[in-house]
Amino acid sequence: MVVVPKTRKEMPVTTLSVPTVGSAGKTGFWRDFRPVWVELVSPCMYDCPANNRIPQIFEKIRNGKLEEAAKIFLETNPFPSITGRVCAHFCEEHCNRVEYDEVISIRSVERFLGDYILERKGETGFHEFSAEKDKKVAIIGSGPAGLSAAYYLRKMGYKVTIFESEEKLGGMLTYGIPPYRLPKQTVEKEVAALTKMGIEVKTGTAVGKDVKFEDVQEEFDAVLLATGAWKERDIEIPGEEFMMTGLEFLKGVNEGQKASPGMAVAVIGGGNTSIDAARTLKRLGAKPTILYRRTEKEMPAVSEEITKAKEDGIEFRILTQPVKASKKNGKVMLKCIKMRLGEPDDTGRRRPIPIEGSEFILEFDAVIKAIGEKPDTTWIPKIFLNKQGWVKADSATGVVSENIFAAGDLVSGPATVVEAIAAGRKAARSINQLLNGEEIKPETSLEKPVKIEEINVEYYEPKERAKAFEFPPEERTKSLDKDETLAISLEEVESEAHRCFSCGYCRACDICWIFCPDAAVELKDDDKPEFDYDYCKGCGICSTECPCGVIIMEREEE
Amino acid sequence: MAQTVIDTANHIAAYAAKAARVQVVAAYPITPQTSIVERIAELVESGEFDAEYIRVESEHSAMAACIGAAAAGVRTFTATAAHGLVLMHEPLHWASGSRLPIVMPVVNRALGPGWNIWADYTDSMSQRDTGWIQFYCADNQEVFDTIIQAYKLCENERVLLPTMICLEAFILSHTYMPVEIPDQEKIDDFLPPYKPKWFLDINNPLSHANIVSPEWYMEFRYMMQESMENAKQLIPEIDKEYGKCFGFEHGGLVDKYKCEDADLMLLTMGTIGTEARVAVDNLRKKGLNVGSARVRVFRPFPKEEIRKLAENTQMFAIIDRGISFGMEGFLAEETKASLCNQKDQPLITSFIAGLGGRDVPFKTIEKIAEKSWEYMRRGRVEEETVWVDLRE
């Protein structure tokens, strides 16, 4: 029995130990705990909606294997060149390195690797495919969710057909996100590489209009609904007919309509569409003003984009709520009321309350409303919808009904590209399970991530993070198409790989092997540890020293 | 019946081991310790001494074997000297840290180079921080008695620390003196068999000296210090009890001679203390009120007794048969440290004498005392550390 004394009075005069199960080595009963090498979850992997295995990717980079590194990305995210540019980088939010100096520039590394393989992705032999299957899957909608699902299903050997109502594939990637954030050539290359994998594409084909939903359901073994969230919400004030919607505007620009609807343009709303619209207007030479009824703190847009919008010189009128729009001499007169913040609502944000008698009128050449989108589900049979008109889908598996699945913004409402990609991947997994006759089970959720306390930071040199070059506002606002940031260099990518704490993932650094006082750590071919419990005395030095927190001390059984 | 033998301190040490019913002896011979282990080997071989004698290839191994034996729960003995002792340095810590009551005579000999086999305390003094109790003997009787007392002391649950019995090379080790050896029965009564709380047993497996994390290491060290303090209490008690049983007492922690009214006190160790008694008598005839305090136990150091002595005297003259290079004599160091924060401290002069076996007869000690008396009279110590009879 292991007796751990609580006070000095309970202690024996010297260190004594009695055998516990497994503690008897060739040198006596030394151990109450044994070191065990484990793989744990890093905060970056945990926070990434796609759960990209970032520490493994960095290991490959450190070993000079860039293509292998990129391919690990592809296992969880088929489009790193896209997320490497537009992702809200949840991975960098809780990076343990922030406790030490600065977070790792994960997104910049992702962009580098995404671009690195983009040329090769379309080549024959690049992807490994499972054996061809005779089952057919229809994917309706070709945004990030649809494309992601198409990629994984095709790799699994299914015959995949994409139905897209627009002329081009890509959904928001093609028609929503402005080109200075996501160059259209990048999207085109990704789409080209994907279609080369042997995916059938039916563009200009709206299901429910050009083809019947029932026919699709009939023809295919499984159907994935992934048409996104494109319907702009109404503000529900008089005069909305004088406004255009944010997505209408952005789609027009992305289709080549590169003229501003006017000089002074109001953009109503604080979300990503609003910021995209405003920054795009600025690049078209207009003077946009963002009107938002709460304060900047409550804006749902990615904070990085809000900052950039302000740098671009866009005017923010916060605590301003339009109450009526009217047209006068070709101008839009926007009657607004001043707001104040009250108690938090169910989103946790403070509720805006109108200040009585504070109405005022603003004059604009045009007004764009972008207060949030919702999915258009009018084309989907009613049996698949709930009372509120949303698709009845299980968010973890994408299952709607029998062989109908749904993923992306259509299910979640407007979210990020990476969330849509993750949802597409998860739906593909469920579809595969269904078509294999297996029970549909969601991916197992990840354990809590490794904390900074488990990392031995002493082994890391302080070093600044690699910062992607950003064109200054006066330069970037001149061009709509030019990528406003540059990729980081290979040297910087490698530097980031070395800075990475590799939380929860063995760095093959040999530190445990070097420190073990009893030569009880052996290294396998890949330099990862193996413990010789005949000689291990359970001192825990390997665990304490481990720079990645992957050696845990497990209590021996009593 | 008690018997009186006339023999060297080394042989006497061997008889003491036998009288203590030691069960395992592991030792490696080294001058001037050799005749201890030779005599034990003879006694074991002849069957007179019922012990396991383990032959080893070095002192390091000797101590390792003793640690193993003591951990198995038996009374264990070894002996060494000089270079043998310093080779043992590492396992000395293992023995004390494992709290094993091993008793070991150290025949104090100078460390080389220059190669020297004669008396000097630097060997055992260099081991003073190993967690071993250290006795320093003044004659052969004390060697015998202290070995018996040492087992009684260090096997006590409140102590459980190994003990060195230090005796000076040749002056004691090879010098014949009469020694009274008490009845074995009486010794057995005084010193019952060793009954450890834990021991290695193949039927009930256990391991000791294991790793201990920073959360607990300090507590183990604290307990060792506590045991030293306990030993300080027990040594005079055991010495008194021994005196009652066998008629010999050695002064507990400090063997005092005419200290009650002494203006000047000679602080010594070992045989220099024996000579100091003669010097004291001679000096008193000259009208100098001198006393002698022979420090018998160096670890634990009798701080409190030193303080008590300091209260009643004007000056300490401290004689050291050893030097801590870069500081001063060991006894002088510890004495001064003991008086820190005390009021009305006596003057102190430190004398380095008798290194490498140089004789320190009473006449030399008288000179030391007279020089110190002069300092005392003037109220000023002109030379803090005096190297006695150092050649020009």
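Residues numbered from 1 in each chain as written. Chains lettered and ligands numbered in written order. Predicted model: local features only at pLDDT ≥ 70, side-chain atom pairs only at ≥ 80, totals over all residues.

Notes on the overall build of chain B
From N to C terminus, chain B includes 13 helices and 16 strands. For 392 residues, the compact-globule estimate of 2.2 N^0.38 gives 21 Å, and chain B sits close to it at 21 Å. In terms of overall dimensions, chain B has C-alpha extents of about 70 × 55 × 45 Å along its principal axes. Buried positions account for 53% of the 392 residues belonging to chain B. The contacts of chain B with a sequence gap of at least 6 include a subset with a gap of at least 24, amounting to 80%. (Helix = DSSP H or I, 4+ residues; strand = E, 2+ residues; numbered from the N terminus. Rg over C-alpha atoms; globule rule 2.2 N^0.38 Å. Buried ≥ 20, exposed ≤ 12 C-beta atoms within 10 Å, placed from the backbone. Contact = placed C-beta atoms within 7 Å.)

Things to note about the sheet that holds strand β16 (residues 385-387) of chain B
Residues and elements named next belong to chain B. Reading across the sheet, the 6 strands line up as β10-β12-β11-β14-β15-β16 and stay open at both edges, with mixed pairing between neighbours. Each of the sheet's edge strands pairs with one partner strand only, and the pair in question is β10 (254-257) and β16. Along the sheet, successive strands turn relative to each other by an average axial angle of 20°, direction set aside. Of the strands in this sheet, β10, β11 (264-268), β12 (290-295) and β14 (315-320) touch helix α10 (residues 271-285), which is tilted by about 170° from β12. (Pairing = 2+ DSSP bridges. Axes fitted to C-alpha atoms, helices over the stretch in contact; angles between N-to-C directions.)

Regarding the domain arrangement of chain A
Residue and element names in this part refer to chain A. Segmenting chain A into domains produces domain 1 (8-39 + 506-555), domain 2 (43-121 + 455-499), domain 3 (136-230 + 375-435) and domain 4 (234-372). Between domain 2 and domain 3, the C-alpha centre-to-centre distance is 27 Å. Opposite the 23 residues of domain 2 that make contact, domain 3 presents 21 residues. Listing elements by their share of the side of domain 2 that touches domain 3, those giving two or more residues are α4 (80-86) and α5 (106-121). (Domains from an automatic or database assignment.)

Let's talk about helix α9 (residues 214-246) of chain B
All names here are of chain B. Its 33 residues give α9 an end-to-end C-alpha distance of 47 Å, which sits within 8% of 48 Å, the value for a rise of 1.5 Å per residue. Bending of α9 peaks at approximately 30° at the position of Leu234, with proline Pro236 no more than four residues after it. In the core, the buried residues of α9 are packed alongside β6 (133-136), α7 (140-154), α8 (184-190) and β13 (297-299). One or two steps after α9, the chain reaches Gly247, where phi turns positive at roughly 90°. (Expected span 1.5 Å × (residues − 1). Bend = angle between axes of the 7 residues up to and from the residue.)

Overview of helix α13 (residues 362-378) of chain B
All names here are of chain B. The terminal C-alpha atoms of α13, which comprises 17 residues, lie 24 Å apart, in line with the 24 Å expected from a rise of 1.5 Å per residue. Along α13, the positions that sit buried rather than exposed are Thr364, Ile365, Glu366, Ile368, Ala369, Ser372, Trp373, Tyr375 and Met376. Residues of α13 that are buried sit in contact with β11, α10, β12, β14 and β15 (347-352).

A short note on the sheet that holds strand β10 (residues 243-245) of chain A
Residues and elements named next belong to chain A. Read across the open sheet, the 5 strands follow the order β10-β18-β11-β12-β13; overall the sheet is parallel. Whereas interior strands pair on both sides, the edge strands pair on one side only; in this sheet they are β10 and β13 (315-317). Strand-to-strand twist across the sheet, computed as the mean angle between neighbouring axes with direction ignored, equals 25°. Looking at chain direction, strand β11 (residues 264-268) and strand β18 (residues 366-369) are connected through 4 bridges and run parallel. Within β18, the residue paired with Val267 across the bridge is Ile368. Along the sheet, helix α10 (residues 246-254) makes contact with β10 and β18, crossing β10 at roughly 70°.

Looking at the nonpolar core
Counting 143 residues, the largest nonpolar core has Ala149, Leu224, Leu225, Ile368, Phe405 and Ala406 of chain A as its most contacted members. The greatest single-element share of this core, amounting to 10 residues, is contributed by helix α14 (residues 417-435) of chain A. In contact with Ala149 of chain A, other than residues within four places in its own chain, are Ile139, Leu224, Ala226, Ala407, Gly424, Arg425, Ala427 and Ala428 of chain A. The next biggest cluster of nonpolar side chains, apart from the first, holds 122 residues, and it includes Ala13, Ala82, Tyr257 and Ala276 of chain B. (Core = buried A, V, L, I, M, F, W, Y, C linked by C-beta atoms within 7 Å.)

Some details on the packing of helix α1 (residues 9-19) of chain B against α7 of chain B
Relative orientation and spacing of two packed helices are given, respectively, by the angle between their axes and the distance between those axes. Residue and element names in this part refer to chain B. Where α1 contacts α7, the axes come no closer than 9 Å and their chain directions differ by 25°. For the element pair α1 / α7, the angle class is roughly parallel. Between α1 and α7 lies a crossing whose hand is right-handed. Residues Ala9, Ile12, Ala13, Tyr15, Ala16, Ala17 and Ala19 of α1 touch α7, and the partners they reach there are Asn140, Val143, Phe144, Ile147 and Ile148. Residue composition of the contact of α1 with α7, grouped by class: 11 nonpolar, 1 polar and no charged. (Parallel < 35°, antiparallel > 145°, perpendicular 65-115°, else oblique. Left-handed = near helix turned anticlockwise from the far one by under 90°. Nonpolar A, V, L, I, M, F, W, Y, C, P; charged D, E, K, R; others polar.)

Description of the packing of α10 of chain B against α13 of chain B
Residue and element names in this part refer to chain B. Across the interface, α10 lies against α13 with an axial gap of 8 Å and an inter-helix angle of 60°. Taken together, the axis directions place α10 and α13 in an arrangement best described as oblique. Crossing of α10 over α13 shows right-handed handedness. Contact residues: Glu275, Ala276, Val278, Ala279, Asn282 and Leu283 in α10; Phe362, Ile365, Glu366 and Ala369 in α13. When the residues that make up the contact of α10 with α13 are grouped by side-chain class, the tally is 7 nonpolar, 1 polar and 2 charged.

As for the domain arrangement of chain B
Residues and elements named next belong to chain B. In terms of domains, chain B is made up of domain 1 (3-246) and domain 2 (255-387). Of note, the centres of domain 1 and domain 2, computed from C-alpha atoms alone, are 28 Å apart. Taken residue by residue, the interface counts 27 residues in domain 1 and 19 residues in domain 2. Elements that contribute at least two residues to the side of domain 1 that touches domain 2 include exactly α6 (122-125), β6 and α9. Sort the elements by how many residues they give to the side of domain 1 that touches domain 2 and α9 lands first, with 5 residues. Of the residues that constitute the side of domain 1 that touches domain 2, the class distribution is 18 nonpolar, 3 polar and 6 charged.

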